[in-house]
Amino acid sequence: SFYLNFAALAGRCRLFGDRCPAASVSCFQTPRRVPYAEAVAQEFRPARVGDAFGPTWETCWFKVELSIPKAWAGQEVHFIWESDGEGMVWRDAQPVQGLTKEGEKTSYILTSSLKETEPHSLTLYVELACNGLFGAGKGSMIAPPDPDKRFTLSKAELAIFNRDVYELLVDLEILLDMAQLLGEENQRSFQALYTANQMVNLCDVTDPSTFPAARRLAAAIFSQKNGESQHTIHAMGHCHIDSAWLWPYEETIRKCARSWVTVVRLMECNPELTFVCSQAQQFEWVRCWYPGLYTQIQDYVAKGRFIPVGGTWVEMDGNLPSGESMVRQFLQGQRFFQQQFGRTCSEFWLPDTFGYSAQLPQLMRGCGIRRFLTQKLCWNLVNTFPHHTFFWEGIDGSRVLAHFPPGDSYGMHGRVEEMLKTVKNNKDKGRVNHSAVLFGFGDGGGGPTRKMLDRMKRMSDTDGLPRVQISTPDRLFSALEKESSQLCTWLGELFLELHNGTYTTQAQIKKGNRECERILHDVEVLSTLALAEGGKFQYPASELQRLWRLLLLNQFHDVLPGSCIQLVVEDALRYYAGGQSLAGGDGGTDSLSFPALVTAPSMGYAIAKEPLLPPQPVSVMKQGDGSITMENGVIAVCLDTMGRLTSLRLAHSERESVLDGCCANQFALFDDIPLYWDAWDVMDYHLETRKPVTTLLKPLEITQAGGLRGSASFSLQIGERSTLTQEIILDATCPYIRFLTQVEWKEAHKFLKVEFPVQVRSTNATYEIQFGHLQRPTHWNTSWDWARFEVWAHKWLDLSEHGFGVALLNDSKYGASAHGNILSLSLLRAPKSPDAMADIAHHQFTYAVMPHRGSFQDAGVIQCAYNLNFPLHTLPASSAPCSAWSAFSVSSPAVVLETVKQAEDRPEAVVVRLYEAHGSTVGVWLQTSLPVKEAICDLLERPDARSCLPLEHQGLRLSFTPFQVLSVLLVLRQ
């Protein structure tokens with residue numbers, strides 16, 4: 001009977017009393033996102049409640065004239081606006097409140113108690129974006145946007161807000177949840193139930209004077225304290241905003257403003273509220289587009305309430321960016337936070353990306369970060385991750401303290417159920433007694449609400465519930481660090497057992513990422529060397545920062561993975577095109593590169609005198625059955641008429657690489673229909689639908705007869721509508737054979753792979769990751785093994801047994817697998833949501849296969865993968881002042897010189913970044929011809945006199961442990 005009485009009471013209680021319609025509403029509509037000053041200068045036409053606006057992505061500006069009745073003196077007055085879409089209230093030319101039904105924000109508080117001296121007539125503007133918190137999907141959230149969607153204005157009025165009714169209903173909600181959720185075995189559930197029942201009996205909805213007595217009953221329950229052993233929840237306001245996803249980048253700028261100005265309004269009347277906020281890019285957007293709001297944010301940052309976290313430019317994908325890109329995420333992010341707020345971040349904040357590289361702990365530590373927060377591994381499809389608080393150890397041995405909020409969400413609403421789940425679900429109970437709750441609408445923005453905060457105020461220290469404190473990341477992690485002595489350690493990658501289709505979806509974005517990483521690398525190297533030569537050359541620091549920031553933005557965890565709408569894809573490709581223009585050409589891998597014929601020194605050049613005569617020319621021969629053989633003195637290959645490898649051997653060796661009875665370079669097409677997350681997921685059952693590609697359109701023919709290069713080409717029909725043309729290329733002295741591939745891809749829900757069954761047996765395959773590599777099983781013994789049926793790699797993967805192996809290299813692919821003795825590279829997918837045209841395009845990419853003796857380290861697989869991705873640049877010999885010159889060299893092949901750039905704050909200094917790539921402990925000499933006078937180490941390029949390196953005549957003596965990344969700052973003599 002109580003629940004019926006409560007429902008009746010709630011139904012009769014009115015949050016809003018008297019109402020008054022807006023005096024007038026007029027509208028101006030535009031397809032552009034225009035600034036306030038431009039918008040209010042336009043001609044506004046009359047509009048009415050009930051009107052519909054649109055279509056999708058349009059912007060409607062409403063001018064709303066209001067007149068508050070004088071009889072409302074002393075009342076709390078709200079401006080109520082209910083419409084589809086996302087709104088922003090502007091007052092006196094400043095943004096003051098975000099509005100969205102989906103985010104439970106449909107009113108703007110004009111006054112908490114109307115005074116005679118306050119203006120009773122005023123004009124507001126409402127900027128309405130014709131899209132929702134989650135875009136405008138047609139029929140489902142992740143469906144492609146409906147281009148013709150309409151957005152209806154439902155309410156535009158003034159109303160008296162009954163604060164006492166609101167407070168009473170929140171009291172009753174908490175008590176009701178305690179009664180329902182604590183269980184019959186818990187006496188507190190009955191205490192809450194009987195108290196709520198007394199309150200309902202006491203209240204007369206027609207007589208507000210009965211409310212205080214009822215509320216005192218609730219306060220008596222809420223004031224009964226917990227014991228000292230109760231679990232403590234650190235609650236923090238949070239608003240995860242995807243920098244692009246189901247909406248374009250430009251709309252995210254407004255999402256940030258709508259969400260953050262709402263947080264500022266909450267902070268003004270709730271002094272205990274804290275709010276954590278990541279992504280330097282979003283701060284920069286607000287700084288540029290909403291300077292008044294940004295000034296308020298800076299003030300709250302200084303007060304320790306609006307808390308920048310993360311330390312990166314965006315919340316990037318955790319798998320696909322290169323090691324150098326990840327360093328730049330931290331470098332650009334931490335420098336921004338230092339410059340704007342006088343502090344760097346001490347915690348890495350990445351709650352929603354699709355897995356986490358095993359190299360991240362070292363990069364965090366090197367950038368001043370020892371703490372890490374995410375929650376995405378709770379999405380695992382197969383295995384439940386065993387911890388919520390633990391030490392995470394990277395491949396180099398670096399450790400950070402990691403915390404996953406046990407409530408398995410970064411967008412909680414402050415409900416009793418969520419607090420109880422946080423405690424019950426915690427897998428490290430007994431080891432730690434503190435955990436996080438992040439509350440606020442997220443993904444599409446929105447952020448915390450007053451009701452969320454008020455719920456948790458009632459749970460601050462209430463017997464029977466966990467202790468809930470409004471807290472900060474520093475207080476949370478400091479408490480966890482004090483309790484960390486019994487914590488477990490997780491070694492290696494944090495692999496998400498879901499969303500592994502994102503390693504392949506939107507291949508053009510992934511190719512653009514790899515190409516722009518290469519281009520920026522090369523431009524920095526060449527610019528640095530030109531700078532070191534002296535003269536009038538000006539290092540393009542500001543332009544390089546602009547381009548790096550665009551690249552880093554495109555590495556956001558819904559852009560580079562390809563899980564975004566078509567508008568975002570178009571933006572991303574346009575940003576890449578700006579970076580690619582620096583290359584002065586297509587920068588492709590189909591350029592002549594014969595390092596054994598022309599020995600170009602490390603980071604330098606050498607004159608190539610024609611004719612180039614290889615010690616053994618490439619021979620290409622067509623056999624009677626139509627097959628073609630090629631040999632270059634290093635490897636020998638036999639191709640059938642469909643372009644498949646029937647034999648692949650090291651020259652002068654009988655050791656066959658291709659598995660008996662099989663063909664390598666075999667294309668296979670799979671049905672690819674995920675359960676829901678179309679662009680994100682490839683399900684294990686797709687492996688049951690394998691269909692070898694066997695329809696030949698053009699048989700194999702010789703296209704280059706040999707000498708410096710031999711090649712042969714063929715064409716295949718792929719599926720019903722697609723075609724593939726491939727040129728198989730063998731260069732003189734090259735230890736690998738390349739496959740230059742072009743595909744006209746027109747499929748739907750298909751997955752194209754290429755397979756290499758090899759004559760190698762090993763229980764593990766090796767995959768390149770950022771600044772190193774790791775091993776994954778080639779078997780499916782356990783559910784943890786099986787869940788890795790599709791994994792990611794960077795430039796290479798390798799399967800080796802003692803004394804022999806085969807490596808698979810690529811120039812723009814990331815998805816891969818090695819099951820048994822079949823190496824597979826994932827080439828193209830064809831999802832239809834959220835982009836119906838995903839990957840329907842012309843594609844060009846290159847991969848290569850490399851048999852080798854010994855280990856992949858000794859065979860030079862790592863260097864060969866770099867050669868494929870970073871081909872030599874050719875210039876007229878007349879531009880070279882001497883026959884050969886080297887800027888840098890490293891004495892050991894185990895150490896890779898990855899980056900050379902100008903220092904961020906010291907134009908007279910150069911930063912050199914190196915890493916140990918073999919997994920060994922090694923000492924090396926770094927030699928340079930540049931005029932260096934001192935060397936200082938620091939990953940963030942900050943001077944540190946304690947780490948000064950001595951200069952000797954041989955160069956710099958550097959020591960590396962396995963997979964260690966080392967940055968050296970070289971100060972040049974002027």
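In this text, all values refer to a predicted model and were calculated from it rather than measured experimentally.

(A) Broad picture of the nonpolar core. Counting residues in each nonpolar core, the largest one holds 215 residues, and the members touching the most others are Phe306, Phe372 and Trp392. For this core, the element with the highest residue contribution is helix α6 (residues 249-269), accounting for 10 residues. In terms of nonpolar packing, the next biggest core, distinct from the first, is built from 31 residues, Val64, Phe79, Val96 and Leu128 among them.

(B) A look at the sheet that holds strand β48 (residues 948-949). Taken together, five strands build an open sheet; the order of strands is β44-β45-β51-β47-β48 and the sheet is antiparallel. The open sheet has two free edges, formed respectively by β44 (895-902) and β48, since each of these has just one partner strand. Pairing geometry for β44 and strand β45 (residues 909-916), over seven bridges, is antiparallel. Bridge pairing in β45 links Val895 to Glu916.

(C) Inspection of the side chain of Asp428 at higher detail. Here Asp428 lies in the loop between α11 (416-424) and β19 (434-439). The exposure class of Asp428 is buried, given its relative accessible area of 0%. Non-local contacts of Asp428, meaning those with residues more than four positions away in its chain, are made with His387, His388 and Thr389.

(D) Local environment of the packing of helix α8 (residues 291-302) against helix α9 (residues 323-341). At a minimum axis distance of 11 Å, the contact between α8 and α9 shows a crossing angle of 90°. Accordingly, the angle class assigned to the pair α8 and α9 is roughly perpendicular. Residues Tyr294, Gln298 and Val301 of α8 touch α9, and the partners they reach there are Phe336, Gln340 and Phe341. Across the contact of α8 with α9, the residue classes break down as four nonpolar, two polar and no charged.

(E) Local environment of the environment of Pro777. Mapping Pro777 onto the fold places it in strand β35 (residues 772-777). The spatial distance from the C-alpha of Pro777 to the C-alpha of Ser817 is 9.8 Å, given a sequence separation of 40 residues. Contacts of Pro777, omitting those with residues within four sequence positions, involve Thr763, Asn764, Asp785 and Ala818.

(F) Broad picture of the pairing of strand β2 (residues 24-30). Counting buried positions along β2 yields five of seven residues, so the element is predominantly enclosed. Relative to strand β3 (residues 45-46), β2 runs antiparallel, the two sharing two bridges. The residue of β3 that forms the bridge with Ser26 is Pro46.

(G) The arrangement of helix α14 (residues 507-532) in detail. For α14, spanning 26 residues, the distance from its first C-alpha to its last is 38 Å, which sits close to the expected 38 Å at 1.5 Å a residue. Following α14 by one or two positions, Gly534 adopts a phi angle in the positive range, close to 85°.

(H) Representation of the packing of aromatic side chains. This model, assessed by the stated rule, comprises 45 aromatic pairs. Where Tyr249 meets Trp285, the ring centres are 6.4 Å apart and the plane angle is 55°; that geometry is what we call tilted. With a gap of 36 residues between them, Tyr249 in helix α6 and Trp285 in helix α7 (residues 280-289) connect regions that are remote in the sequence. A single burial state applies to Tyr249 and to Trp285, both of which are buried. Three or more aromatic residues link up through ring pairs in this structure, and these residues are Trp260, Phe275, Phe283, Tyr294, Phe306, Trp313, Phe336, Phe337 and Phe341. For Lys303, the ring lying beneath its charged end belongs to Tyr300, and the centroid distance is 5.1 Å. Note that Arg514 overlies the ring of Tyr814, its terminal NZ or CZ placed 4.6 Å from the centroid.

(I) Focus on the UniProt feature "domain: Glycoside hydrolase family 38 central" (unreviewed entry) in the chain. The UniProt entry lists residues 497-576 under the feature "domain: Glycoside hydrolase family 38 central" (unreviewed entry), expressed in the numbering used here. Spanning residues 497-576, this segment combines 64% helix with 0% strand, and its end C-alpha atoms are found 30 Å apart.

What counts as what
- Chains are numbered independently. Their residues run from 1 in the order of the written sequence.
- A pLDDT threshold of at least 70 governs which residues receive local features in this predicted model, and a stricter bar of 80 or more applies before side-chain atom pairs are shown or counted, although totals over entire chains, interfaces and linings include all residues.
- Think of the side-chain values as coming from all heavy atoms in the structure, minus any hydrogens and water.
- For the purposes of this section, nonpolar cores are sets of buried Ala, Val, Leu, Ile, Met, Phe, Trp, Tyr and Cys residues that join through side-chain atoms within 4.5 Å.
- Throughout this description, buried means an accessible area under 20% of the type-specific maximum (1.4 Å probe, protein chains only), exposed means over 50%, and partly exposed covers the range between.
- Helix and strand assignments follow DSSP, with helices taken as H or I runs no shorter than four residues and strands as E runs no shorter than two, numbered in order from the N terminus.
- A pair of strands is treated as paired once DSSP finds two or more bridges between them.
- Only heavy atoms matter for contacts: two residues are in contact if any of them lie within 4.5 Å across the pair.
- Every axis in this analysis is a line fitted to C-alpha atoms, fitted for helices over the stretch in contact. Angles between the N-to-C directions lie between 0 and 180 degrees.
- Each angle gets one of four labels, with under 35 degrees taken as roughly parallel, over 145 as roughly antiparallel, 65 to 115 as roughly perpendicular, and the rest as oblique.
- Each residue gets one of three labels, nonpolar for Ala, Val, Leu, Ile, Met, Phe, Trp, Tyr, Cys and Pro, charged for Asp, Glu, Lys and Arg, and polar for the others, Gly among them.
- For a helix, the expected span equals 1.5 Å multiplied by the number of residues minus one.
- Only centres within 6.5 Å qualify two rings of Phe, Tyr or Trp (six-membered ring in Trp) as a pair; their planes then separate them into stacked at under 30 degrees, edge-to-face at over 60, and tilted for everything else.
- Cation placement over rings: the criterion is NZ of Lys or CZ of Arg within 6 Å of the ring centroid and within 35° of the ring normal.
- UniProt positions are given in the numbering used here, feature names are shortened, and annotations may be inferred rather than shown by experiment.

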